[in-house]
Amino acid sequence: MSTHRVIDLQGANGNAFALLGHAVELLRQLDRRDEVHAMRTDMMSGDYDNLIRIFEKNFGDYVTLVGKPGEIFDDE
């Protein structure tokens, strides 16, 4: 994969179902289709923070997540 994506967790692409969909899409693009079931199970095994941690652990080289819960924005 040659492009780096940014996903705003405060937007429509940031809900748990959308992130699961992004994970499946990324696994397919990375030719890791055999990991889809295990990844879904792992991502759904805890709360939203767990899902984000697992997503970043697996796809942090390809996707930057912004607007995480508790993240402080400096508008100045």
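Preceding this section is the structure that the text describes.
What counts and how
- What you see as residue numbers is a count from 1 along each chain, following the sequence as written.
- Where totals are concerned, whole chains, interfaces and linings use all residues; where local detail is concerned, this predicted model gives features only for residues with pLDDT of at least 70, and gives and counts side-chain atom pairs only at 80 or more.
- The side-chain figures draw on all heavy atoms in the structure; neither hydrogens nor water molecules are used.
- Stacked, edge-to-face and tilted are the three classes for Phe, Tyr and Trp ring pairs, Trp counted by its six-membered ring, which pair at centre distances within 6.5 Å; planes under 30 degrees apart are stacked, over 60 edge-to-face, the rest tilted.
- Where helices and strands are cited, they refer to DSSP runs of H or I of at least four residues and of E of at least two residues respectively, numbered from the N terminus.
- Using a 1.4 Å probe on the protein chains alone, a residue whose accessible area is under 20% of its type maximum counts as buried, one over 50% counts as exposed, and one in between counts as partly exposed.
- We call a set of buried Ala, Val, Leu, Ile, Met, Phe, Trp, Tyr and Cys residues a nonpolar core when their side-chain atoms join them within 4.5 Å.
- The contact rule is simple, with two residues in contact once any of their heavy atoms fall within 4.5 Å.
- For salt bridges, the criterion is a side-chain nitrogen of Lys or Arg within 4 Å of an Asp or Glu carboxyl oxygen.

S.K.: Mind showing me how you'd approach the packing of aromatic side chains here?
M.R.: Where two aromatic rings form a pair, the distance of their centres and the angle of their planes describe that pair. Under the criterion given, the structure shown has 1 aromatic pair. With a centroid separation of 5.1 Å and an interplanar angle of 55°, the aromatic rings of Phe 55 and Phe 59 are classed as tilted. Taken together, the residues span about one helical turn, with Phe 55 and Phe 59 both in helix α3 (residues 48–59) at a distance of 4 residues. Judged by its relative accessible area of 0%, Phe 59 is buried.

S.K.: I tried to follow the nonpolar core on my own but got confused; where do I start?
M.R.: Most often, soluble globular proteins have nonpolar side chains that are buried together. Ile 7, Leu 19, Met 39, Met 43, Phe 55, Phe 59 and Leu 65 are the most contacted members of the largest nonpolar core, which has 18 residues in total. Among the elements that take part in this core, helix α1 (residues 16–29) stands out by supplying 6 residues, more than any other. Dropping the residues within four chain positions of it, Leu 19 is found in contact with Ile 7, Leu 9, Asn 13, Gly 14, Met 43, Tyr 48, Leu 51, Ile 52, Phe 55 and Leu 65.

S.K.: When you look at the side chain of His 22 in this model, what are you seeing that I'm missing?
M.R.: Position of His 22 among the secondary structure elements: in helix α1. Given the relative accessible area of 14%, His 22 is considered buried. Excluding its chain neighbours within four sequence positions, the residues that come into contact with His 22 are Arg 5, Ile 7, Asn 13 and Phe 55.

S.K.: Help me understand the pattern of salt bridges in this model?
M.R.: Where charged atoms of side chains with opposite charge meet at close range, the side chains can pair. This model, assessed by the stated rule, comprises 4 salt bridges. One salt bridge connects Arg 5 with Glu 25, and the closest N-O pair in it is separated by 2.9 Å. One end of the pair, Arg 5, is in strand β1 (residues 5–8); the other, Glu 25, is in helix α1, with 20 residues separating them in the sequence. One salt bridge connects Lys 68 with Glu 56, and the closest N-O pair in it is separated by 2.8 Å. Here the residue Lys 68 occupies a position in the segment after β2 (63–66), and Glu 56 occupies one in helix α3, the gap between them amounting to 12 residues.

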